[in-house]
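# What the coordinates show
In case you want the letters, here they are:
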Amino acid sequence: MAADWYCLPMDVLVSIAERFLAIEDYVSFGGVCRSWRLALKSRSSFSWIEYSKSTKRCMMPWLMLAEKKDDDEYRNNRGFLSLYSDKVYAIELPDLRERRCWGTPLGWLVTLGLDLNIDLVNPLTRVQIALPPQWTFPLHHQYEMVLDPEDLRHVSIRKAVISSSPNSSDCVVVLIYSEFSRIGFARPGDRAWTPIEFTECTYEIAFFNGKLFALTGRGHLFSCDLFCAPPRKSDYLVHPPLDDPSDARYLVDLEGELHIVCRYREPANADNESFYCLTVDFVCYKLDMGTGKWIELSSLGNWCVFVGSNSSFALRASTYPQLRPNCIYFTDDYRESYDASGGCDIGIYDYEDESVYPFPVSHDLLSLICPPLWVVPQLQ
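This write-up is about the structure you can find in this document.

Conventions used here
Positions within a chain are numbered from 1, following the residues in the order the chain's sequence is written. Totals for whole chains, interfaces and linings use every residue, but because this is a predicted model, local features are given only for residues with pLDDT of at least 70 and side-chain atom pairs only at 80 or more, for both listing and counting. Calculation of side-chain values draws on the structure's entire complement of heavy atoms; hydrogens and water are dropped beforehand. A run of H or I in DSSP becomes a helix once it reaches four residues, and a run of E becomes a strand once it reaches two; helices and strands are each numbered from the N terminus. Burial status follows relative accessibility: with a 1.4 Å probe on protein chains alone, a residue under 20% of its type maximum counts as buried, one over 50% as exposed, and anything between as partly exposed. Contact definition: two residues touch when any of their heavy atoms are within 4.5 Å. Think of a salt bridge as a Lys or Arg side-chain nitrogen and an Asp or Glu carboxyl oxygen that are within 4 Å of each other. Here, any two strands with at least 2 DSSP bridges between them count as paired. Whenever a helix is involved, its axis is fitted only over the stretch in contact; in every case the axis is a line through C-alpha atoms, and angles between N-to-C directions fall within 0 to 180 degrees. When charges are counted, Lys and Arg contribute as positive and Asp and Glu as negative, whereas His and the chain ends are disregarded. The term polar contact refers here to a pair of N or O atoms within 3.5 Å; inside protein, the definition further demands a hydrogen-donor-capable atom paired with an acceptor-capable atom, and it admits residues adjacent in sequence only when both atoms are side-chain atoms. Between rings of Phe, Tyr and Trp, where Trp is taken as its six-membered ring, a pair exists when centres lie within 6.5 Å; planes separated by under 30 degrees are stacked, by over 60 edge-to-face, and by other angles tilted. Cation placement over rings: the criterion is NZ of Lys or CZ of Arg within 6 Å of the ring centroid and within 35° of the ring normal.

## A few points about the environment of Ala248
Mapped onto the fold, Ala248 is located in strand E16 (residues 248–254). Overall, Ala248 belongs to the buried group, its relative accessible area being 14%. Remark: the alpha-carbon pair of Ala248 and Glu204, spanning 44 residues in sequence, is separated by 8.7 Å. Setting aside residues no more than four positions away along its own chain, Ala248 makes contact with Val261, Cys262, Arg263 and Arg265.

## As for the pattern of salt bridges
The final tally for this structure, using the stated rule, is 10 salt bridges. A salt bridge links Asp115 to Arg99, with the nearest nitrogen and oxygen atoms 3.3 Å apart. Of this pair, Asp115 sits in the loop between strand E5 (109–112) and strand E6 (118–121) while Arg99 sits in the loop between strand E3 (88–92) and strand E4 (100–102), and the two are 16 residues apart along the sequence. Accessibility expressed as a relative area gives 41% for Asp115, which makes it partly exposed. In the salt-bridge network here, residues are joined through shared partners; they are Arg263, Arg265, Asp333 and Asp345.

## A word on the sheet that holds strand E1 (residues 62–64)
Strand order in this open sheet of four strands is E3-E2-E1-E25, and the pairing throughout is antiparallel. For this open sheet the edge positions go to E3 and strand E25 (373–375), each flanked by a neighbour on one side alone. Going across the sheet, the axis of each strand differs from the next one's by a mean of 35°, ignoring polarity. Pairing geometry for E1 and strand E2 (residues 77–82), over three bridges, is antiparallel. By the bridge assignment for E2, Met64 is matched with Phe80.

## Focus on the sheet that holds strand E17 (residues 257–267)
Within a beta sheet, neighbouring strands are joined by backbone hydrogen bonds and run either parallel or antiparallel to one another. Here four strands make up an open sheet; going across it, the order is E16-E17-E18-E19 and the pairing antiparallel. With partners counted over all chains shown, the strands left at the sheet margins are E16 and strand E19 (293–296), one partner each. Taken pair by pair, the neighbouring strands of this sheet meet at an average axis angle of 35°, ignoring direction.

## Description of the pairing of strand E21 (residues 313–316)
One ladder, built from four bridges, connects strand E20 (residues 303–307) with E21; its direction is antiparallel. Along E21, the bridge assignment pairs Cys304 with Leu315. Hairpin geometry of E20 and E21 is characterised by an intervening segment of five residues between the two adjacent antiparallel strands and by a positive phi of about 140° at Gly308.

## Notes on the pairing of E6
Along E6, one buried face is formed by Ile118 and Leu120 and the opposite face, lined by Asp119 and Val121, is buried too. With four bridges joining them, E5 and E6 adopt antiparallel strand pairing. Directly across from Val110, in E6, lies its bridge partner Leu120. Between E5 and E6, which follow one another and run antiparallel, lie five residues, and Leu116 among them has a positive phi close to 65°. Here E6 folds back onto strand E7 (residues 128–131) in antiparallel fashion, the turn holding six residues, of which Arg126 has a positive phi close to 65°.

## Quick word on the side chain of Arg78
Tracing the backbone through its elements, the reader meets Arg78 in strand E2. The charged side chain of Arg78 is buried without a salt bridge, its nearest counter-charge being Glu67 at 4.1 Å. Here Leu65 takes part through its backbone oxygen, which lies 3.2 Å from a polar atom of the side chain of Arg78. Contacts of Arg78, omitting those with residues within four sequence positions, involve Met64, Leu65, Ala66, Glu67, Tyr89, Ala90, Ile91, Leu93, Leu96 and Cys370.

## Quick word on the packing of aromatic side chains
Enumeration according to the criterion identifies 13 aromatic pairs in this entry. Between Trp62 and Phe80 the ring centres are 5.6 Å apart and the planes differ by 45°, which places this aromatic pair in the tilted class. Here Phe80 lies in strand E2 and Trp62 lies in strand E1, a separation of 18 residues in the sequence. Given a relative accessible area of 0%, Phe80 falls into the buried group. The interplanar angle of 25° and the centroid separation of 5.6 Å between the aromatic rings of Trp62 and Tyr89 together place this pair among those described as stacked. On the criterion of sequence distance, the pair formed by Trp62 in strand E1 and Tyr89 in strand E3 is long-range, its members being 27 residues apart. Taking relative accessible area as the criterion, Tyr89 reaches 26% and is therefore assigned partly exposed. One aromatic cluster is present, formed by Phe282, Phe330, Tyr349 and Tyr351 through successive ring pairs. Just above the ring of Phe198 sits the side chain of Lys233; from NZ or CZ to the centre is 5.5 Å. A cation over an aromatic ring shows up here: Arg324 above the ring of Tyr357, its NZ or CZ 4.8 Å from the ring centre.

## Some words on the environment of Pro123
Looking at the element boundaries, Pro123 is found in the loop between E6 and E7. Residues Pro123 and Ile91, 32 residues apart in the sequence, show an inter-C-alpha distance of 7.8 Å. Aside from chain neighbours lying at most four places away, what touches Pro123 is Phe80, Ile91, Leu93, Gly107 and Leu109.

## Overview of unusual backbone geometry
Going from Ala229 to Pro230, the amide bond is cis rather than trans, its omega being -10°. Its location among the elements puts Pro230 in the loop between strand E14 (221–225) and strand E15 (232–235). A positive phi angle is found at Glu255, which is not glycine, with a value near 55°. Within the secondary structure, Glu255 sits in the loop between E16 and E17. By relative accessible area, which is 51% here, Glu255 ends up exposed. Positive phi outside glycine occurs at Glu354, with the angle close to 55°.

The values are spatial; any link to function lies outside them.
As structure tokens, this is what we get:
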């Protein structure tokens, strides 16, 4: 006699769904029958989808591949490589066509197009939420020369992070923008970006313990509470390790403590007109909040870190068997070389043996507009 799988108790179905680590399993589960779909829609079953800052448990990341610009038949499609199944899923996303994107671990992309509109887009649900457009940045923080929309799409936003899902009332989007690397923030529904005044240019931002942290070009660390009026800034008087020549620095929450990941690149073809750089090393430091000093780590332990054109995040490799522990997954965010080779510098850095391993993707990497980036898929 066949089992009546659709008759399984709701609490059993929810318990099963809460163990999924891949969005593919979630979608397949909901396609079995109506009662199984209802289990996914129950409020309790959604708790595992939201990125949890306390448990670092979320869906397996996807690598959003570059746009197929030269293929008219598939130009509206974007490929997403699942680290869980090692398969590329093509999703029709005409709203992302010729738009620059930044990924998040919350399932949403921040996008900027030639129309200079800035949007939040969920690539799975195709929900799009408008943010204030680029031309609402404060004029005195823009550029010393007039730029056309194509140049503005390329250079006007350096980094984008969001505090929480746009479905929540406390969602704040923060950008590093303009050639002066200023910070601005906005909430869905705002009409313009509000600047946060710092005395130095900012090169990295991240949300940590409910506050925005900003790292300047000189390595000074600041924090800002955006959830009070007016926003309250604090100077942590923390300086980076001395004589640190890193090309990029990323702030990341690792085990509930703030870390900085320093990335080092070297020219790959300095004698060629198509100049680009490749990553050769990473060094990670933990911030001692008591002393204000950065402590170099000899190992990431069971963690793996994701950096690039996305909000930096970390996951426990023991929770995700397909991920490699003690590794840094990186994508190409060196926009100065995008015109020649955007997307070349992508791979996995093993923190133990200090080796860089090319990422196992041989197509859909290069893009002058939006090279591959990390995003954590979410159906909410």
